[in-house]
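Per-entry structural report
What follows is the residue order along each chain.
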Amino acid sequence: MGIPLVRMIATVGSLTGILTMTGCARSSVAASISGAELFEACVPCHGAAGEGQTALGAPAIAGLPAWYVSAQLERFQTGVRGQHADDVEGLRMQAMSRQLRSETETRAVARHVASLPRVTHTAAIGGGDAAAGQRAYLLCASCHGVTGTGFEDGRVPPLAGMDDWYVAAQIRKFKNGVRGTMPGDAFGPVMRAVAAPLSAEDVNQVAAYVHALSR
């Protein structure tokens, strides 16, 4: 799907600034770089502690399982995720993920993210009803687990304690076809089917419930 010229210019301009600031545009000389060093390229958006920045649409990622971080970086790298013209945050992540030069680097930065102490923010969505969200979450529990812990064997991510605004944003992306429509996305159609019947109120309530679950 083509990216509108104005959005492409804005995205490229933003990425150029980030890459210059972080030194992510590395030379072609091969070097052994630690996960912590590679993570410096992520700091402008996700923060030094992996705490995220709501204003940039960058979620808290500290403490996420390394297998999940690696899997998502690979999905961005291959265009399975972050390819849609309306996915501003995804387009940014797709470009940034491709600065990792090998599977070794991807796994190294994923291990660093996993090693960071988990960060839990206060709820950002006003009026989110966690109790009501528990009922709607039954649609999600069969894959993500009753307690939102996910399943590594099934490559299903943990949700418990995630920022409510981020969970709501991702559900809306699936619902609106901004995420989960790319060829090769085995999980996208499932998520889209689950998100389709949710009302705007349901989305906020599910997000509130997931955020309230213990990590």
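Residues numbered from 1 in each chain as written. Predicted model: local features only at pLDDT ≥ 70, side-chain atom pairs only at ≥ 80, totals over all residues. Heavy atoms only, no water.

1. Focus on the packing of helix H4 (residues 66-78) against helix H6 (residues 103-115)
Let me state the cut-off plainly: Fitted lines through C-alpha atoms give the axes, limited to the stretch in contact for helices. The angle between two N-to-C directions lies from 0 to 180 degrees. For helices the rule is a DSSP run of H or I covering at least 4 residues; for strands it is a run of E covering at least 2, with both sets numbered from the N terminus onward. Roughly parallel refers to an angle under 35 degrees, roughly antiparallel to one over 145, roughly perpendicular to one between 65 and 115, and oblique to any angle outside these ranges. Here a crossing is taken to be left-handed if its near helix is turned anticlockwise relative to the far helix by less than a right angle, and right-handed if that turn runs clockwise. Contacts are assigned to residue pairs that have any heavy atoms within 4.5 Å of one another. Throughout, the ten residues Ala, Val, Leu, Ile, Met, Phe, Trp, Tyr, Cys and Pro are labelled nonpolar, Asp, Glu, Lys and Arg are labelled charged, and all others, Gly among them, are labelled polar.
Their axes nearest at 8 Å, the elements H4 and H6 cross at an angle of 135 degrees. Classified by the angle between their axes, H4 and H6 sit oblique to one another. Relative to H6, H4 is oriented so that their crossing is right-handed. For the pair formed by H4 and H6, the contact residues are Ala66, Val69, Ser70, Leu73, Glu74 and Gln77 on the first element and Thr106, Arg107, Val109, Ala110, Arg111, Val113 and Ala114 on the second. Per-class residue counts for the contact of H4 with H6 are seven nonpolar, three polar and three charged.

2. Section: the nonpolar core
Soluble, globular proteins show a tendency: their nonpolar side chains are buried together. Stated precisely, the cut-off is as follows: The definition of a nonpolar core used throughout is a set of buried Ala, Val, Leu, Ile, Met, Phe, Trp, Tyr and Cys residues joined through side-chain atoms within 4.5 Å. Working definition: with a 1.4 Å probe on protein chains only, accessible area under 20% of the residue-type maximum means buried, over 50% means exposed, and in between means partly exposed.
Residues Tyr137, Ile171 and Val206 are the most contacted members of the largest nonpolar core, which totals 38 residues. Every element with two or more residues in this core is listed here: helix H2 (35-39), H4, H6, helix H8 (138-144), helix H9 (164-175) and helix H11 (200-212). Looking at this core element by element, the count peaks at six residues for H9. Residue contacts for Tyr137: discarding those within four places in its chain leaves His144, Gly145, Val146, Gly148, Leu159, Val206, Tyr209 and Val210.

3. Considerations on the confidence of the model for the protein
Fine structural detail should not be taken from predicted coordinates in areas where pLDDT scores are low. What counts, and what does not: pLDDT: the predictor's confidence for each residue, scored from 0 to 100.
Looking at the protein as a whole, the pLDDT averages 87, with 86% of positions reaching at least 70. With pLDDT under 50 throughout, residues 1-13 is counted as low confidence; its partners more than four residues away or in other chains account for 12 contacts. Here residues 15-25 is a poorly scored stretch, pLDDT under 50, and it has 18 contacts once near neighbours within four places are set aside; other chains count.

4. With respect to the packing of aromatic side chains
The geometry of an aromatic ring pair comes down to the distance between the two centres and the angle between the two planes. Note the following rule: In summary, the pairing rule links any two rings of Phe, Tyr or Trp, Trp by its six-membered ring, whose centres are within 6.5 Å, and it sorts them by plane angle into stacked for under 30 degrees, edge-to-face for over 60 and tilted for everything else.
Using the criterion set out here, one finds three aromatic pairs in the structure. Note on Tyr137 and Tyr209: the rings are 5.3 Å apart at their centroids and 50 degrees apart in plane angle, and the pair reads as tilted. Placement of the pair is Tyr137 in the loop between helix H7 (130-136) and H8 and Tyr209 in helix H11, with a sequence separation of 72 residues. Each member of the pair, Tyr137 together with Tyr209, is buried. Ring geometry for Trp165 against Tyr166: centres 5.9 Å apart, planes inclined by 80 degrees, an arrangement best described as edge-to-face. By the burial criterion, Trp165 is buried, and Tyr166 matches it.

5. Some points on the side chain of Asp87
Put simply, the rule is: Here a polar contact is recorded for every N or O atom pair within 3.5 Å, except that within protein the pair must consist of a potential hydrogen donor and a potential acceptor, and residues adjacent in sequence are included only if both atoms are side-chain atoms.
Turning to its location among the elements, Asp87 is positioned in the loop between H4 and helix H5 (88-97). Separated by 2.9 Å, the side chain of Asp87 and the backbone nitrogen of Gly90 make a polar contact. A polar contact is formed between the side chain of Asp87 and the side chain of Lys173, at a distance of 2.6 Å. Excluding residues within four positions of it along the chain, Asp87 makes contact with Gly82, Lys173 and Val178.

6. Considering H9
Side chains that are three or four residues apart share a direction in an α-helix, a result of its 3.6 residues per turn. Convention followed: A helix is expected to span 1.5 Å multiplied by its residue count minus one.
Across its 12 residues, H9 extends 16 Å between first and last C-alpha, which sits within 8% of the 16 Å expected from 1.5 Å per residue. Within H9, 10 of the 12 residues are buried, which leaves the element mostly enclosed by the surrounding structure. The complete set of buried residues in H9 reads Asp164, Trp165, Tyr166, Val167, Ala168, Ala169, Gln170, Ile171, Lys173 and Phe174. Residues of H9 that are buried sit in contact with H5, helix H10 (188-195) and H11. Directly beyond the C-terminal end of H9, a positive phi value near 80 degrees is found at Gly177.

7. Considering the packing of H9 against H11
Look at H9 against H11: their axes get within 8 Å of each other, and the N-to-C directions meet at 140 degrees. Regarding the angle of H9 to H11, the classification is oblique. For the pair H9 and H11, the crossing hand works out as right-handed. In this structure, H9 contributes Asp164, Val167, Ala168, Ile171 and Arg172 to the contact, and H11 contributes Val203, Asn204, Val206, Ala207, Ala208, Val210 and His211. Each residue belonging to the contact of H9 with H11 can be placed in one class, and the counts come to eight nonpolar, two polar and two charged.

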